[in-house]
Amino acid sequence: MFFQKIFTKPQTGANRGRIRPQTTEQREITADIEANLQFLIKEIGEPADLVIHRFEKDGPVAALMYLDSLADGSLLGSHISRPINEFLMKNGGGLDLKNTERLLTTAKIYNYRDFSAVIASVLSGQAVLFLQQQKTALGVAFPGFPRRAVKEPSTEKVTRGSREGFTDVLTDNLGMIRRWIKDPNLAVTKLAIGERTQTEINLLYLKDVANSDVVKELKTRLAKIEIDGIIDSGYLSELIADQKLTFFPLVQDTERPDKVAAAVLEGRVAILVDKSPFALIVPVTSDEFYQTPADFGYNYWVGSFLRFIRALGTFIAVTLPGLYLAMISVNPELLPPGLVGVVSSARVQVPFPAVFEVLLTMVVFEIFREAIIRAPGNISLIFGIAGGALIGFCGIQAALVSAVTVIVVVITSLASFATANTGKEQAWRLVRFFVFFAAACFGVLGFVLAGLTVLTHMNSLKSFGVSYLEPWAPPQSLDMADSFFRIPWWAHSRRPSSYRPQQTDRTGHKDLTGLKDLTGKDEPTDQDDLTGQDDLTGKNNLPGQEGEDPG
Amino acid sequence: MGRKVMSLVVFISLVFLSGCWDVEEINRRAKMDALFIDLGENPGELRIGGSFPMPGSLLPPITGTEQQFAKRHYVLGVSGRGMVDAWAKLQANVARNVFYGQLRTLILTERLARRNINDLLDFIGRIPSVPPDITVLMTKSDPEALLDMKNRANFSPGDYIELFYQSVYKHTQNLPLTLWQVNARLDNRTSDPHLPIITPSQGMYQIAGTTLFSGNRMAGELDMHETQTLALLTGSSSGYLAVPRGKDGVVGLGEVGAKTTIRPVKDRAGKITFFVTTRITGVVWETIPRKMELRPPDRRRIEALVEEFTKRRIIKLLAKLRQLNSDPVGFGEKFRIKYPAIWEQNQWYDIFPTVDFKVRTQFTIHRTGIFR
Amino acid sequence: MLPEKTGIGSGLLFMFVLSSLFGFGIMFAPQVAAESIGGNGYWGVVVAFLFSLPVIAAVVGLGKRFPGKSIIAYLPQVYGKGFGKIFGLIFLLFLLISGVLFLRDITGIFASFFLFRSPLWAIVSIILLAAAYPAYLGIEVISRQASFLFTAVYLIITIILLMSLQHFQPDHIRPVLAGNPFIVASGGVRLFYCYFPMAMLFMVYQYYTEPEKGWKIINRAGLVFFVYLFLFVIETIGVYGAKGVLRYSFPVLELTRKTTIPYVLQTFGLYFSFVWLSQIYITLAGLLYTTAQGCAEWFGILNYKRFVLLLLPVILFLALSIPGAIDLHGFIKAFQTIGIWVIAVFPLITWAVAWLFQRGEQNGP
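Because the structure is predicted, anything quoted here is derived from the model rather than measured.

Student: Is there a simple way to think about the overall build of chain B in this case?
Tutor: Assigned secondary structure in chain B consists of 14 helices and 15 strands. Counting only C-alpha atoms and orienting by the principal axes, one finds that chain B spans roughly 80 × 65 × 60 Å. Here chain B holds 372 residues, and the buried ones make up 40% of them. For chain B, the proportion of contacts with a sequence separation of at least 24, taken over those separated by at least 6, is 70%.

Structure representation (structure tokens):
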């Protein structure tokens, strides 16, 4: 495509292929500490936070090197410096690799033999210990960088459900998921992407459930990425999407660990990115953006109603301005007479054409929305009142806009928050304008054709081989019912077939005939209870065992 | 790759292919809510016009302001040779563009209806912006004055008539037909149209009684009581019926429902007889002289009274219809179903005046009001 | 990339057939039925449905005999190279003309009901462009579109069907069992035009992934369409009477236009035109796609997408070159007669010839 060619034209001349940092060539660590340190300082410069601690006993014995900003100095002191110093005091030397490893009171010690690995580990927060006369350096991790506490997610609040949200630290996030899924089949694959940032990325999926083609494809796509750095998971979601030229999100992002855990249980693959509180989930269908954990917290009738309201809200948010415009400026014969009277009377003094009037109001509201995010907390309240109430009211009084238009635009703005995902909601925001302009030109005909065009576009999308509008297109009758209603758990025996999981069954019926006495001594312990729950949800976790059809 | 160019092209063309030829704001259209058609002063001329609600006056009024009491519509009328000519002149008399999409009613005058309504209604039916379900009425007075009157409720005439017909209790008194129904009757010729009569009364509109048509010409009219009888035959429900009882007495029935079966029979001589059986139900609301409690003998007496009364009325009505050669009930339809071969050969308007009717009525008291 | 699922499954085929039939056939059928048969024109619909069965059989039979091939590809195999190419061209022309006439016909509705002053070329262009988009993306997207819309569209259509029973007069459709069987049969033949989109199946069937179910699935779609068509014809004649229907150019739209819920919904016509537009979108996209695909195969070029773009100005030109509504009706009448030969008779003959001369796969039926 022509513009892709323009944007992705490779650099020529001297700048060619300068994505990678100018890194060290593969060089082995030498037996001389001072030489090693000098080489390293030459390689990484002498950053302000670099700390080098030399242990000496009749000449250099060992040297500890770390970045103050990433490693915890006091922990290093008590777990590394103190035992080494005590050893030296007692024995007066004789530190070799074996007894040093015994001295360090930490669970995991890494061994490095070349400098590039040492540099990478230092830059990611490890402390590296060089020993005299040893060609192996030891790495230990005592992370000391700041981390955020686990808080309720701000973009995906629910009234019923877990209150945990992802933080910015990958290991914490992984821990949150692991607390849900205690299954040996939970694969956690580690990757590092970003030539300069070396951002750690974890893929999470159930080995015996997730579709292996999807996992393979995801790994291929990730391996193809060549970029200087990954600052947020948003970078990745754009880079691994199937279609580049679409505004619909083809990768789901979420701040909620419970959503990720549920997705993994459905047989999808989650991508956790270090330093990003948003996890990615693939593949995704359009329906996913309308489901929240609250659906499952409440009774299934309530859950179904909530889903319906979300779908309705989205429909209103996308179509209302367009429909309103088509009705009042091109096809008013379609409105009931009373409504025509009211709307036309309200517009009598408005000097602008309806298109301009509605567009103006919409744009003003969009600007408000964007401005309020930036405004400091207490001012945003004033903004809200000043913007929403005053300007709206005065605009009507001054006959610049009609009251009905303001109502339509406000309802549209409110309804747009019914979509349970911000990325999807932003996409709908664009579609709203498209539909609006089409309706402005061709009334109802333009409105419908624009809607159909958007639908066609959505139909042409795929997320990792899964049609975006599945289960509606291609039709999957069971999932279709589940996307419209929230099917209760006791009737929900299959995983969504849209994602083509290896194991399709997810609920079974336990056979209790073998148990002697349910109320007596054999009362299951806590441990049993847990496994029992596991059995209900992630049935047949043992590898090699195939799920059985309960019916 | 290419599909993205395509999507872009579609997107751009949909947005910028805008001529916006049809954009005309709702408040910049002169919304007509009632249309009248009359004969013009000079031969060959038609006079048409309509009422236009005043823009801006339809919001909920601020109490006490002039807006609350001022008349909310104005009426224009023009003459022209043929509909299109008059139509064009009407456009010339309005500041904005006349908009027929919200038309609620069409009023014809008697002298026009006595000529030929088919051509006119065909013309209006051809205009796609005119809704097909507008009510067609007939007036004997000057239609322009009729519409121009500021009725006491201060409704614009179109709204008045629409509101009027939302009540089903009013249907049996004047039997309204919508434009498409009138057109369908004129096309099929298995029954004749009938139009309610609208007259000004006490500062409001009285819509009662109906005009009868024979084909596309008005043939006569029925008063409100005759119309109620006709409603029994056409099967309308929820009517009223007052049956005289003795010298001063009366039995007043409400929620009168009726179901009529019509069976045509042709004998050997070719004489056609329609067996008309009407089953009526109703609620006794009023009995004069008053009865504390209606007992079985009362019931029999009342039922017999109503049966006799309605039978007499129906026979009288049928005689009138036959005499006017007008078939609003749909005897022709029944005849066509039973004898399709004869229907296709003959002209129904030649047969109808010669048919016989055998009427039977049956009445059941449904309830007796809230008393025992 | 994952291996793309090329081809359409049973669900998608069903939706595609149903939607394209509905879009093509429903609007004008009551008028044709009332005109050619009269009060009980609905029997013509039954006859037309019966006529469609052999066509489905031909689609499935030829599909079995020449798996993975469209009619353009196997015609030369059946009739020899020269005749095969000529017949293929005729078939293609038929698809093209049906697209043009259909487009022009539906444009009339929008020009007369919704956009009174917009010039014809603008309306034709936007409808054509909008339909070209899915056609460009291919049969999979078209059928998925049909499938996505299915639930909502047919729910709304059913509601409209029920609501439009207002003022239904059973007397208008009586007597049920009267009328000349010959007239009914000939009316049924005329009504067979509703099934013309089946022509697309000769092009599309090659992508069907479960050919063993073909007969069942296509029949099921045809049956569902038949039920809707039958009900709409009964309802329209029942409401307007056989002669009353003849007044209207777009009887089904009129039927829904007169249906109201006072104070809430001025007319159901709007909703019907919404859902109907979504169906003609499928039909038109299907016709465009199959024509482009056929052209590509006829010329022996792999990619049909260029042909979609090439066909756009051709169709636009042809659609606009029809001078007026009266000429259009003449063309449509002629086309309805010719179409029967192309859609029904010609494939059956082809099937018979293929069977006689043992062309294609020998284990075919």
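Student: Just checking my understanding: could you explain the overall build of chain A for this structure?
Tutor: Looking only at helices and strands, one finds 18 helices and 12 strands in chain A. Across the 551 residues in chain A, those meeting the buried criterion constitute 40%.

Student: Is there a simple way to explain helix α16 (residues 422-459) of chain A in this structure?
Tutor: Given 3.6 residues per helical turn, the α-helix brings residues three or four places apart onto the same face. Residue and element names in this part refer to chain A. Taking 1.5 Å of rise per residue, the 38 residues of α16 would be expected to cover 56 Å, yet its terminal C-alpha atoms sit only 21 Å apart, more than 12% below that figure. The sharpest bend along α16 comes to roughly 145 degrees, located at F442. Counting buried residues along α16, 31 of its 38 residues qualify, which places the element largely inside the surrounding structure.

Student: Just checking my understanding: could you explain the confidence of the model for chain B for this structure?
Tutor: The predicted coordinates should not be examined in detail at positions where pLDDT is low. Looking at chain B as a whole, its pLDDT mean stands at 87, while 92% of the residues score no less than 70. Both scores are available for the predicted complex, with the pTM at 0.87 and the ipTM at 0.91.

Student: Would you explain the sheet that holds strand β1 (residues 50-56) of chain A in this entry?
Tutor: Note on sheets: strands pair through backbone hydrogen bonds, and any given pair is parallel or antiparallel. Residue and element names in this part refer to chain A. Taking strand neighbours across the sheet as the criterion, the five strands line up as β1-β2-β4-β5-β3 in an open arrangement whose pairing is antiparallel. The sheet is open, and its two edges are formed by β1 and β3 (110-112), each paired on a single side. Adjacent strand axes in the sheet meet at a mean angle of 25 degrees when their direction is disregarded. Note: β1 against strand β2 (residues 60-67), seven bridges, orientation antiparallel. Paired with H53 across the two strands is L64, which belongs to β2. Those strands touched by helix α2 (residues 33-44) are β1, β2 and β4 (126-131), and its axis lies near 20 degrees from that of β2. Contacts from helix α5 (residues 115-123) reach β2, β3, β4 and β5 (137-141) within the one sheet, and its direction differs from that of β4 by about 140 degrees.

Student: Help me understand the sheet that holds strand β14 (residues 272-288) of chain B, please; the structure alone is not making it clear to me.
Tutor: Residue and element names in this part refer to chain B. Pairing within the open sheet is mixed, and its four strands lie in the order β12-β13-β14-β15. Strand pairing shows two members of the sheet lacking a second neighbour, β12 (239-245) and β15 (356-367), which therefore form its edges. Taking the axes of each pair of neighbouring strands and ignoring which way they run, one obtains an average angle of 40 degrees across the sheet.

Student: Help me out: how do you make sense of the environment of P83 of chain A in this one?
Tutor: Residue and element names in this part refer to chain A. Within the fold, P83 resides in helix α3 (residues 73-91). Taking the C-alpha atoms as reference points, P83 and R256, separated by 173 residues in sequence, lie 42 Å from one another. Excluding its chain neighbours within four sequence positions, the residues that come into contact with P83 are L103, L104 and T105.

Student: Would you explain the domain arrangement of chain B in this entry?
Tutor: By convention, interface size is frequently given as the accessible area that disappears when the constituent parts associate. All names here are of chain B. Domain parsing of chain B yields domain 1 (24-222) and domain 2 (233-372). With centres defined by C-alpha atoms, the gap from domain 1 to domain 2 works out at 32 Å. With 16 residues of domain 1 in contact, the opposing surface of domain 2 contributes 16 residues. Of all the elements in the fold, those that place two or more residues in the side of domain 1 that touches domain 2 are α8 (171-174), β10 (204-214) and β11 (217-222). The leading source of residues in the side of domain 1 that touches domain 2 is β10, at three residues. Of the residues belonging to the side of domain 1 that touches domain 2, the class tally is six nonpolar, eight polar and two charged.

Student: Even after reading the chapter, I still don't get the domain arrangement of chain A, so can you show me in this structure?
Tutor: Residues and elements named next belong to chain A. In terms of domain boundaries, chain A breaks down into domain 1 (25-141), domain 2 (170-284) and domain 3 (299-463). Centre-to-centre, using C-alpha coordinates, domain 2 lies 34 Å away from domain 3. At the interface, 12 residues of domain 2 touch nine residues of domain 3. The class makeup of the residues in the side of domain 2 that touches domain 3 is eight nonpolar, two polar and two charged.

Student: Honestly, the packing of helix α1 (residues 10-25) of chain C against helix α13 (residues 269-299) of chain C in this entry has me stumped. Any pointers?
Tutor: If you want to describe how two helices pack, look at the angle between their axes and the distance between the axes. Residues and elements named next belong to chain C. Relative orientation of the contacting elements α1 and α13 amounts to 110 degrees, with a least axis distance of 7 Å. In terms of axis orientation, α1 runs roughly perpendicular to α13. Along its contact with α1, which presents F16, S19, S20, F22, G23 and F24, the element α13 presents W276, Q279, I280, I282, T283 and G286. Residues belonging to the contact of α1 with α13 are distributed by class as follows: six nonpolar, six polar and no charged.

Student: What am I meant to see in the interface of chain C and chain A here?
Tutor: At the interface, 27 residues of chain C touch 28 residues of chain A. When residues of the side of chain C that touches chain A are traced back to their parent elements, those giving at least two are α1, α6 (120-137), α7 (139-163) and α13 of chain C. Classifying every residue of the side of chain C that touches chain A gives 19 nonpolar, seven polar and one charged.

Student: Teacher, can you tell me more about the pairing of β14 of chain B here?
Tutor: Within a regular strand, the side chains alternate between the two sheet faces. Residue and element names in this part refer to chain B. Two elements, strand β13 (residues 249-266) and β14, share 15 bridges in a ladder whose sense is antiparallel. By the bridge assignment, G252 is partnered in β14 with E286. Counted between consecutive antiparallel strands, the loop separating β13 from β14 contains five residues, among which G270 sits at a positive phi close to 95 degrees. Where β14 lies against β15, 11 bridges are found, and the strand directions are parallel. Residue I280 lies in a different strand from β15, and its bridge partner there is F363.

Student: What exactly am I supposed to notice about the environment of A371 of chain A here?
Tutor: All names here are of chain A. In this fold, A371 is placed in helix α13 (residues 354-374). Owing to 13 C-beta atoms within 10 Å, A371 belongs among the partly exposed residues under this scheme. Sequence-wise, A371 and A346 are 25 residues apart; in three dimensions their C-alpha atoms are separated by 29 Å.

Student: How should helix α2 (residues 29-36) of chain C be read in this particular structure?
Tutor: Residues and elements named next belong to chain C. The buried fraction of α2 amounts to six of the eight residues, a majority that puts the element mostly inside the structure. Along α2, the residues that are buried comprise A29, P30, Q31, V32, A33 and A34. Packing partners of the buried residues in α2 comprise α1, α3 (42-65), α8 (181-191), α10 (214-240), α11 (242-245) and α12 (251-257). G38 sits one or two residues past α2 and shows a positive phi near 115 degrees.

Student: Please clarify how the confidence of the model for chain A should be interpreted in this entry.
Tutor: Of all residues in chain A, 89% attain a pLDDT of 70 or more, and the chain-wide mean is 83. Note on residues 522-551 of chain A: pLDDT is under 50 here. Beyond four places in sequence and across chains, it has 31 contacts.

Student: Can you walk me through the nonpolar core in this structure?
Tutor: In a soluble, globular protein the nonpolar side chains are often hidden away together inside. Counting residues in hydrophobic clusters, the biggest one holds 307 residues, and the most contacted among them are A270 of chain A together with V59 and L288 of chain C. If one sorts the elements of this core by residue count, α16 of chain A sits on top with 21 residues. Leave out the neighbours within four places in its chain, and A270 of chain A touches L204, V260, A263, V264, A279, L280 and I281 of chain A.

Criteria and thresholds
- Residues numbered from 1 in each chain as written.
- Chains lettered and ligands numbered in written order.
- Predicted model: local features only at pLDDT ≥ 70, side-chain atom pairs only at ≥ 80, totals over all residues.
- Helix = DSSP H or I, 4+ residues; strand = E, 2+ residues; numbered from the N terminus.
- Buried ≥ 20, exposed ≤ 12 C-beta atoms within 10 Å, placed from the backbone.
- Contact = placed C-beta atoms within 7 Å.
- Expected span 1.5 Å × (residues − 1).
- Bend = angle between axes of the 7 residues up to and from the residue.
- pLDDT = per-residue confidence, 0-100.
- Pairing = 2+ DSSP bridges.
- Axes fitted to C-alpha atoms, helices over the stretch in contact; angles between N-to-C directions.
- Domains from an automatic or database assignment.
- Nonpolar A, V, L, I, M, F, W, Y, C, P; charged D, E, K, R; others polar.
- Parallel < 35°, antiparallel > 145°, perpendicular 65-115°, else oblique.
- Core = buried A, V, L, I, M, F, W, Y, C linked by C-beta atoms within 7 Å.

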